[in-house]
There are 2 protein chains.
Amino acid sequence: MSLFHELEDAATGDTRPLGAVLDAVKFDDRGLVPAIAQDATTQEVLMLAWMNREALAATLAEGRACYYSRSRRALWRKGETSGHAQRLRELRFDCDGDAVLLLVDQTGPACHTNRPNCFYLRVDGDRVRVTADPA
Amino acid sequence: MSLFHELEDAATGDTRPLGAVLDAVKFDDRGLVPAIAQDATTQEVLMLAWMNREALAATLAEGRACYYSRSRRALWRKGETSGHAQRLRELRFDCDGDAVLLLVDQTGPACHTNRPNCFYLRVDGDRVRVTADPA
């Protein structure tokens, strides 16, 4: 039985070693899991990005969001060039161990378009509407 | 230039036809995009699941979350067997068109373990802690 499957029946407060959990994370065939960044204060969902094991470990070790850039094929310390970093407040795994949720303090806009978050395109009947201006 | 790339510079209120946006969504090599479900009232991130084009269209047409189950290789109308359905309040695409955010009214627990949401495993130093009891 996988560690995540075993934890389904665990009670509040039960713990497991972080290393064992990291070993059990279900990375996909590219070695990645999706990571959701949510603003710890406003609860706004900021973005979805990807992490490999190294990015996950760097995020936990450094206390700031580090993703894996699929286009650049390299670790991507969010804010390294833009200054729009994400300080890590909490990191959570889901029941299946194949998704990550980060609660963060976002500096500046989260989106590369300089909008506060990446989810600015809203379905409105048979149209899709832009809900925020680029900065 | 892709539709999503073009929309990066669009102003608030600009719209495009839904069909054109759906045609531009960047499904992965399995034909899927990750979909985040967030409680429209509490703003709690409930779960992350996957949608193919058919699931996305069904969600919009039916006004309730319909995902694609990778294990069953079939459409999965959330709540169909559990009763724990998600009524769709809003559907958003991200800047790159490769992730979806659903704002939903969740009936009952979102997680298959009967916890309110799937992200109940929190990193706490060098341990991972269970933060909610199974129902």
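In short, a report on the structure. Only a predicted model underlies this, so the values are computations on that prediction, with no experimental measurement involved.

Cut-offs used in this document
Counting restarts for each chain, with residues numbered from 1 along the sequence as it is written. Chain A is the first chain written and ligand 1 is the first ligand written, with later ones labelled in order. Selection of residues for local features in this predicted model requires a pLDDT of at least 70, selection of side-chain atom pairs for listing and counting requires 80 or more, and totals for whole chains, interfaces and linings are taken over all residues. Excluding hydrogens and water, the side-chain figures rest on all heavy atoms present in the structure. Each helix corresponds to a stretch of at least 4 residues labelled H or I by DSSP, and each strand to a stretch of at least 2 residues labelled E; elements are numbered beginning at the N terminus. Any residue under 20% of the maximum accessible area for its type is buried, any over 50% is exposed, and the rest in between are partly exposed; the area is computed with a 1.4 Å probe on protein chains only. Whether two residues touch is decided by their heavy atoms; if any such pair falls within 4.5 Å, the residues are in contact. Calculation of accessible area relied on Shrake-Rupley with a 1.4 Å probe; when residues are assessed, cover is drawn exclusively from the protein chains displayed. In this count, Lys and Arg are taken as positive residues and Asp and Glu as negative ones, while His and the chain termini are left out. A charge is said to be at NZ when it belongs to Lys, at CZ for Arg, at CG for Asp and at CD for Glu. A least-squares fit on C-alpha atoms brings the copies together, and the residues used are those whose pLDDT is at least 70 in both copies. We define buried area as the total accessible area lost by two parts upon association, computed with a 1.4 Å probe and summed across both. Any Lys or Arg side-chain nitrogen located within 4 Å of an Asp or Glu carboxyl oxygen qualifies as a salt bridge. One bridge is not enough; two strands pair if DSSP finds at least two bridges between them. Simply put, an axis is a line fit to the C-alpha atoms, just over the touching stretch for a helix, and the angle between two N-to-C directions goes from 0 to 180 degrees. To be clear, the arc concerns the directions from the helix axis to the C-beta atoms. Residues adjacent in sequence count toward polar contacts only when both atoms are side-chain atoms; beyond that, a polar contact is any pair of N or O atoms within 3.5 Å, and within protein one must be able to donate a hydrogen and the other to accept it. Ring pairs shown here join Phe, Tyr and Trp side chains whose ring centres sit within 6.5 Å, with only the six-membered ring taken for Trp; geometry is labelled stacked below 30 degrees between planes, edge-to-face above 60, and tilted in between. A ring is considered to have a charge above it if a Lys NZ or an Arg CZ atom is located within 6 Å of its centre and within 35 degrees of its normal.

## What to know about the overall build of chain A
Scanning chain A from terminus to terminus reveals three helices and nine strands. Each helix and strand of chain A, placed in order from N terminus to C terminus, yields the pattern α-β-α-β-β-α-β-β-β-β-β-β. Counting all 135 residues of chain A, 51% fall into the buried class. Long-range pairs, those at least 24 residues apart, make up 39% of the contacts in chain A with a sequence separation of at least 6. As displayed, chain A offers around 5,900 Å² of accessible surface, 46% of which is attributable to carbon and sulfur atoms. Taking the average location of the 17 positive side-chain charges in chain A and that of its 20 negative ones, the two points are 7 Å from each other.

## Notes on the relation of the copies chain B and chain A
Mapping chain B onto chain A leaves a residual RMSD of 0.0 Å; the transformation is a rotation of 180° accompanied by 0.0 Å of translation along its axis. Both chain copies can therefore be described as sitting about a two-fold axis. Relative to the rotation axis, the closest C-alpha in chain B is found at Gln43 of chain B, a distance of 3.1 Å. The overlap is high: 100% of the interface residues of chain B also sit at the interface in chain A, so the same surface is used on both sides.

## Details of the interface of chain B and chain A
If you look at the interface, chain B gives 56 residues, while chain A gives 56 residues. Roughly 4,900 Å² is buried in total at the junction of chain B and chain A, and carbon and sulfur atoms are behind 58% of that figure. In terms of surface lost to chain A, no three residues of chain B exceed Phe119, Leu121 and Val128 of chain B, which account for 13% of the buried area on that side. The interface formed by chain B and chain A contains two salt bridges. Between Arg70 of chain B and Asp98 of chain A there is a salt bridge whose closest N-O contact spans 2.9 Å.

## Remarks on the sheet that holds strand S3 (residues 45-51) of chain A
One open sheet accounts for seven strands, arranged S1(A)-S9(B)-S8(B)-S6(A)-S7(A)-S2(A)-S3(A); its pairing is mixed. In the strand order of this sheet, the two ends are held by strand S1 (15-17) and S3 of chain A, each with one partner. On average, each strand axis in the sheet is tilted by 30° relative to the strand beside it, whichever way the strands run. Two elements, strand S6 (residues 86-93) of chain A and strand S8 (residues 121-124) of chain B, share two bridges in a ladder whose sense is antiparallel. Its bridge partner being in S8 of chain B, Arg92 of chain A is matched across the sheet by Arg122 of chain B. The sheet contacts of helix H3 (residues 53-62) of chain A involve S3, S6 and strand S7 (100-106) of chain A together with S8 of chain B, and relative to S6 of chain A the element is tilted by about 120°.

## Quick notes on unusual backbone geometry
Even without being a glycine, Gln43 of chain A presents a positive backbone phi close to 70°. Within the element layout of this structure, Gln43 of chain A appears in the loop between strand S2 (33-39) and S3. What makes Gln43 of chain A partly exposed here is its relative accessible area of 30%. Look at Arg73 of chain B: it is not a glycine, yet its phi comes out positive at around 50°. Looking at where Arg73 of chain B falls in the secondary structure, it is placed in the loop between strand S4 (66-69) and strand S5 (74-77).

## A few points about helix H3 (residues 53-62) of chain B
Three- or four-residue spacings in an α-helix give side chains the same orientation, since the helix completes a turn every 3.6 residues. Residue and element names in this part refer to chain B. Along H3, the residues classified as buried are Ala55, Leu56, Ala58 and Thr59. All buried residues of H3 project into a common sector of 165° when viewed along the axis, lining one side. Opposite the buried face of H3, by more than 90 degrees, sit the exposed residues Glu54 and Ala61. Buried positions along H3 lie against helix H2 (18-24), strand S3 (45-51), S4, S5, strand S6 (86-93) and strand S7 (100-106). Looking one or two residues past H3, Gly63 carries a phi angle of roughly 70°, positive in sign.

## Points about the side chain of Lys78 of chain B
Relative to the helices and strands, Lys78 of chain B resides in the loop between S5 and S6. With no salt bridge to any partner, buried Lys78 of chain B finds its closest opposite charge in Asp96 of chain A, at an N-O distance of 10 Å. One polar contact links the side chain of Lys78 of chain B to the main-chain carbonyl oxygen of Ala110 of chain B, over a distance of 2.6 Å. In this structure Lys78 of chain B touches Met47, Arg64, Ala65, Tyr67, His84, Ala85, Gln86, Gln106 and Ala110 of chain B, once residues within four positions along its chain are discounted.

## Here's the deal with the packing of aromatic side chains
This structure, assessed with the given rule, holds five aromatic pairs over all chains. Taking the centre distance of 5.3 Å and the plane angle of 45° together, the rings of Tyr67 of chain B and Trp76 of chain B count as tilted. For Tyr67 of chain B, a relative accessible area of 0% gives the class buried. The partly exposed category is assigned to Trp76 of chain B, whose relative accessible area is 26%. Seen from the ring of Trp50 of chain A, Arg30 of chain A lies directly overhead, with NZ or CZ sitting 4.8 Å from the centre.

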